[in-house]
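# Residue-level structural notes
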Amino acid sequence: MKKEKIEMVWNQKKVCQKEDTTFLNAKAIEFHKSLSAYQKTPLVCLKNLAEKLDVNNIFIKDESFRFGLNAFKVLGASYAIANYISQKTGQNIKEVLKTKVEPTTFVTATDGNHGRGVAWTAKQLGQKAVVYMPKGSSQERLNNIIAEGAEAKITNMNYDDAVRFSEQKAKENGWIVVQDTAWEGYTDIPTWIMQGYTTMGQEIMEQLQGQKITHIFLQAGVGSMAGAITGFFVNHYQEEKPVIAVVEPTKADCLYQTAKANDGTLHCVTGDMNTIMAGLACGEPCSIGWNILKNYAEAFFRCPEYVAADGMRILAAPVKGDTAVISGESGAAGFGCMVNILQDKALEEMKNKLKLDKNSNILCISTEGDTDAQNYQNVVWRGKYSKFEN
């Protein structure tokens, strides 16, 4: 059986004028620091792996420690919901934590991590949450959402249809949609979610202690996290910004297809998108995220299942002397792509195009831990590429 290849499209940056990338919103990290569960997640330096792969440094931001929820998504959900309540009541955003207000029902579609963040936030703030999950979602992730007090169920729809269903239910019931993708007339909350994600960037800059990042590999579903982190580092580094690489599953490569077409329109992927990388199984790009990525990301990659599996295993069993990181299927995708490019001779042209060399300081973000423990064990312990294998 022929092994599928990693594919790259180089961004021509000819779509339209540059958009605002002001994602240095200090309010977000100030709000997160006001939460009792807040602590910085680790920035792990894989110095020995970097030496083995002939680069200067590889850094991994380990989001499995975030608020005890095993994933980064709560950063966006918590800031957006608190900001909504703040604007509705006229309270300072940090006062929202201390004052009881009339409950609002927040609804979302999710493969698991975002929905858990919405449910957790609603519980913390005395609000209500309803969560719809696409078909094939993990029972463990559903149980975790329900445990936070939300009403939740797995639907028979793909992710993008579940988003539309959530919007429909919100209109019928007077609920508020909390989604990290945007559409016409729905941009405020996705923007707040993206600003919430930049807390990771603020922490990373503090943890680097002056070391300069030259390359960032960012996995993407709709592209909101990738867009937010790209916007953050563009603002921070200005003209000396790092090389940005965006990584998607081959089966859900909407950003790759949009960049490849380079025709000024968003290109969607349809169907089941039955990828191991459940958190990235999104067929429709976030317009806000794309407006940043189209101007500042150098390359877009689409990756077969084994790429995420490689990343999970290498992080779980690192080079001697490096720290192990428990990274889930979506969390390890960017890292897995980077490692394959650095060590696979067949991908040498990609490596050279990205200017990866002995001076490179590379950043990856492990956006989730083992949020589906059974599937994590299937990949890392039992050698499967995917839960869809027999």
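See the structure above.
Note that the structure is a prediction, hence the values are computed from the model and not measured.

### Quick word on the pattern of salt bridges
- The final tally for this structure, using the stated rule, is 16 salt bridges.
- The partner of Lys-73 in a salt bridge is Asp-180, and the shortest N-O contact between them spans 2.6 Å. In this pair, Lys-73 sits in the loop between strand 3 (57-62) and helix 3 (74-89) while Asp-180 sits in the loop between strand 7 (176-177) and helix 7 (188-208), placing the two residues 107 residues apart along the sequence.
- Measuring nitrogen to oxygen at the nearest pair gives 3.8 Å for the salt bridge that ties Arg-141 to Glu-368. In this pair, Arg-141 is assigned in helix 5 (residues 139-147) and Glu-368 in the loop between strand 11 (361-366) and helix 14 (373-380), connecting sequence segments 227 residues apart.

### Things to note about helix 9 (residues 254-261)
- When we look at burial in helix 9, the residues that qualify are Cys-254, Leu-255, Tyr-256, Thr-258 and Ala-259.
- Lining the buried residues of helix 9 we find strand 1 (7-10), strand 9 (243-249), helix 10 (287-296) and strand 10 (299-303).
- Immediately downstream of helix 9, the backbone of Asn-262 shows phi near 50°, a positive value.

### Some details on the pairing of strand 8 (residues 215-219)
- Burial within strand 8 is extensive, with five of its five residues counted as buried.
- Note: strand 8 against strand 9, five bridges, orientation parallel. By the bridge assignment, Phe-217 is partnered in strand 9 with Ala-245.
- Looking at chain direction, strand 8 and strand 11 are connected through three bridges and run parallel. Pairing of His-215 across the sheet is with Ile-362, part of strand 11.

### Focus: the nonpolar core
- Counting 91 residues, the largest nonpolar core has Phe-233 and Phe-300 as the members making the most contacts within it.
- The leading source of residues in this core is helix 7, at nine residues.
- Beyond its immediate sequence surroundings of up to four residues, Phe-233 is in contact with Gly-201, Ile-204, Met-205, Ile-216, Gln-238, Pro-242 and Leu-363.

Definitions and cut-offs
Residues numbered from 1 in each chain as written. Predicted model: local features only at pLDDT ≥ 70, side-chain atom pairs only at ≥ 80, totals over all residues. Heavy atoms only, no water. Salt bridge = Lys/Arg side-chain N within 4 Å of Asp/Glu carboxyl O. Helix = DSSP H or I, 4+ residues; strand = E, 2+ residues; numbered from the N terminus. Buried < 20%, exposed > 50% of the residue type's maximum accessible area, 1.4 Å probe, protein only. Contact = heavy atoms within 4.5 Å. Pairing = 2+ DSSP bridges. Core = buried A, V, L, I, M, F, W, Y, C linked by side-chain atoms within 4.5 Å.

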